[in-house]
Amino acid sequence: MAIIYGVFSASNLITPSVVAIVGPQLSMFASGLFYSMYIAVFIQPFTWSFYTASVFLGVAAAVLWTAQGNCLTINSDEQTIGRNSGIFWALLQSSLFFGNLYIYFAWQGKTQISESDRRTVFIALTVISLLGTVLFFLIRKPESENILGEDEFSDDQDLEVSGSSRSNLTKAVDAFKKSLKLCVTKEMLLLSITTAYTGLELTFFSGVYGTCIGAVNKFGAEEKSLIGLSGIFIGIGEILGGSLFGLLSKNNRFGRNPVVLLGTLVHFVAFYLIFLNMPGDAPIAPLEGTDSSAYIKSSKEVAIFCSFLLGLGDSCFNTQLLSMLGFLYAEDSAPAFAVFKFVQSICAAVAFFYSNYLLLHWQLLLMVVFGFFGTVSFFAVEWEAAAIVARGSDYRSI
C-alpha cells in the first residue's frame, strides 16, 4: 500500500500531460490493462512480481483517475454533473458489496485460504477486469468535447491553431503548467483541506477499521468473518449514498453543502461510536488480537452499523467533490482531478504510515479536526460557486 500510494502521489504530477496527449479513453484502457496485470499477479504471487506490479499500479491509478475525471466532465454539463457523479460513485463502490459478499459466503468458516480458492477468485477477477477494460471503448464521445488543458480564455492565436497541429510536447507542458497553477488558486487550496480529509478517512475505512474489528478477541470466532461483513456494509453505504445523491441532485435547491454537512455529521457519529465500541489499542494489536476493554461492551452490531455510516459519509464527500471539480474546472478538468488525487493519495499514504503507531482515539481525533475544517472550506467554495452561477445559470439544477 505504501508503494502504491507513494507512486500514485508522484504520478499525479504528470498524468494531465499523459491524458492531454493520448486522450481520456485510451488512457483509461491502458490503465485498465495494468490493473488487470496487478490482479493476475495474485494467481501465483512472487515477492518480486508483487512489488513490481504495485509500482505499475500506482502509475496506472493516477492516469485512470485523471482520465475518468476528464471523461466524466466532458460528458456532463451544469445540469447533469451532480447526477453523473453520484451514478459513477455508486457503480464504483458496488465492488465493495459484491466482492465482500462472495468472500463472506464462499470462505465462511475457513481458517486457511487454499491455493485452489485463491486461484479461482483471482482468475475470475482478472477476466472481469479485462472485460471492463475493453468496455472503455464503448464510452461515447460528446459532440462538443472540452479539450483537455484548453480553456475558453486562451488568446485568439491559440484558438485558431487546431489541436492536431500542436505538438505533443506543447500539450504535455501546457497541461503540467495548468496543474501547477491550479495548485495555488484559492478554490483549490480550500478544497485541498476537504480532499485531505477524504484521504485520511479512506485509509481508515479501507484498512484501519477492518483491522480493528479483526483484532477484538471479544467478538469470538466470528471476528475474522466480520471483516468481510464490514466491507459489505461499507459498500451498501457507498452505493446508497451515490445513488441517492445522484437522483436528488436534479431537484436539490440548496446545492452541495447540505450533502457535505450530512456526511460530516454521519462520520462524526460513526467516530464517536467507534471510540466507545473499540479498544484503543485495536489498530496496533499483535497478530493474536487484543483483550482490552472498550468504554462500552464491544458490540458486533454497533461495529457493523459504523461500517455502514463510514461508507455513507464517504459517498457524501466524494460525490460532491467530484461534482464541484467538474463544475468549477469544466475547461481544465484533467489537471483539477490530478491535483485532487495528488492531495488525497498523499494523505492516504501518510495515514497508512501513522495507523501502525497511533492509538485509535488519536486517529479518530485527527479525522475529526480535518473533517471540521474540510467541511468549512468546502462551504466557502460552494458559496463562491453559487455566486458565480447566480450571475448566469440556474444553480438549483446543478
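Residues numbered from 1 in each chain as written. Predicted model: local features only at pLDDT ≥ 70, side-chain atom pairs only at ≥ 80, totals over all residues. Heavy atoms only, no water.

### Let's talk about empty space enclosed by the protein
Put simply, the rule is: Put simply, the grid is 1 Å and covers the protein atoms alone, a cavity is a trapped set of points that fit a 1.4 Å probe, a pocket is an open set with protein on both sides within 12 Å along at least five of seven lines, and lining residues have an atom within 4 Å of a point. Grid points are joined across faces, edges and corners, and a volume is the space filled by probe spheres set on the points. Numbering of helices and strands runs from the N terminus; a helix is a DSSP stretch of H or I covering at least four residues, while a strand is a stretch of E covering at least two.
All told, the structure shown has one cavity of 30 Å³ or more when counted by the stated rule. Here the largest cavity defines a volume of roughly 40 Å³. Lining the largest cavity are Leu200, Thr203, Phe204, Val208, Ala351, Tyr354, Ser355, Gln363 and Met367. Elements represented by at least two residues in the lining of the largest cavity include exactly α9 (186–215), α13 (333–354) and α14 (360–390).

### Here we look at the pattern of salt bridges
Stated formally: By salt bridge we mean one thing: a side-chain nitrogen of Lys or Arg within 4 Å of a carboxyl oxygen of Asp or Glu. Here's how the labels work: a residue is buried when its accessible area is under 20% of the maximum for its type, exposed when over 50%, partly exposed in between, all with a 1.4 Å probe on protein chains only.
Under the defined criterion, the tally for this structure stands at three salt bridges. A salt bridge links Lys186 to Glu384; the nearest nitrogen and oxygen atoms lie 3.3 Å apart. Remark: Glu384 occurs in helix α14 and Lys186 occurs in helix α9; sequence separation between them is 198 residues. What makes Lys186 exposed here is its relative accessible area of 52%. Between Glu382 and Arg256 there is a salt bridge, with the nearest N and O atoms lying 2.9 Å from each other. In this pair, Glu382 sits in helix α14 while Arg256 sits in the loop between α10 (225–248) and α11 (257–277), placing the two residues 126 residues apart along the sequence. Classification of Glu382 by relative accessible area gives buried; the value is 2%. Residue classification places Arg256 among the buried residues on the basis of a relative accessible area of 2%.

### Quick look at the packing of helix α4 (residues 47–74) against α13
For clarity, the cut-off: Simply put, an axis is a line fit to the C-alpha atoms, just over the touching stretch for a helix, and the angle between two N-to-C directions goes from 0 to 180 degrees. Roughly parallel here means an angle under 35 degrees, roughly antiparallel means over 145, roughly perpendicular means 65 to 115, and every remaining angle is called oblique. Note: crossing handedness is left-handed where the near helix turns anticlockwise from the far helix by less than a right angle, and right-handed where it turns clockwise. Contacts between residues were defined by any pair of non-hydrogen atoms, one from each residue, lying within 4.5 Å. Residues are grouped as follows: nonpolar covers Ala, Val, Leu, Ile, Met, Phe, Trp, Tyr, Cys and Pro; charged covers Asp, Glu, Lys and Arg; every other residue, Gly included, is treated as polar.
Contact geometry for α4 and α13: axes closest at 8 Å, N-to-C directions at 135°. Put simply, α4 runs oblique to α13. The hand of the α4/α13 crossing is right-handed. On the side of α4, the interface is formed by Trp65, Thr66, Gly69, Asn70 and Thr73, while α13 contributes Ser333, Ala334, Phe337, Ala338 and Lys341. The class makeup of the residues in the contact of α4 with α13 is four nonpolar, five polar and one charged.

### What to know about the side chain of Thr290
Test applied: Here a polar contact is recorded for every N or O atom pair within 3.5 Å, except that within protein the pair must consist of a potential hydrogen donor and a potential acceptor, and residues adjacent in sequence are included only if both atoms are side-chain atoms.
For Thr290, the position within the fold is in the loop between α11 and α12 (300–328). There is a polar contact of 3.0 Å between the side chain of Thr290 and the side chain of Asp281. One polar contact links Thr290 to Ser292, side chain to side chain, over a distance of 3.1 Å. The contacts of Thr290, once residues within four sequence positions are left out, are Ala215, Val216, Asn217, Pro279, Asp281, Ala282 and Ala285.

### Quick word on the UniProt feature "transmembrane region" (unreviewed entry) in the chain
Here is the rule we go by: UniProt positions are given in the numbering used here, feature names are shortened, and annotations may be inferred rather than shown by experiment.
UniProt feature "transmembrane region" (unreviewed entry): in the numbering of this structure it lies at residues 18–41, 48–67, 87–107, 119–139, 226–247, 259–278 and 360–381. A distance of 26 Å separates the end C-alpha atoms of residues 18–41, which is 96% helix and 0% strand. The span residues 87–107 is 95% helix and 0% strand, and its two end C-alpha atoms sit 30 Å from each other.

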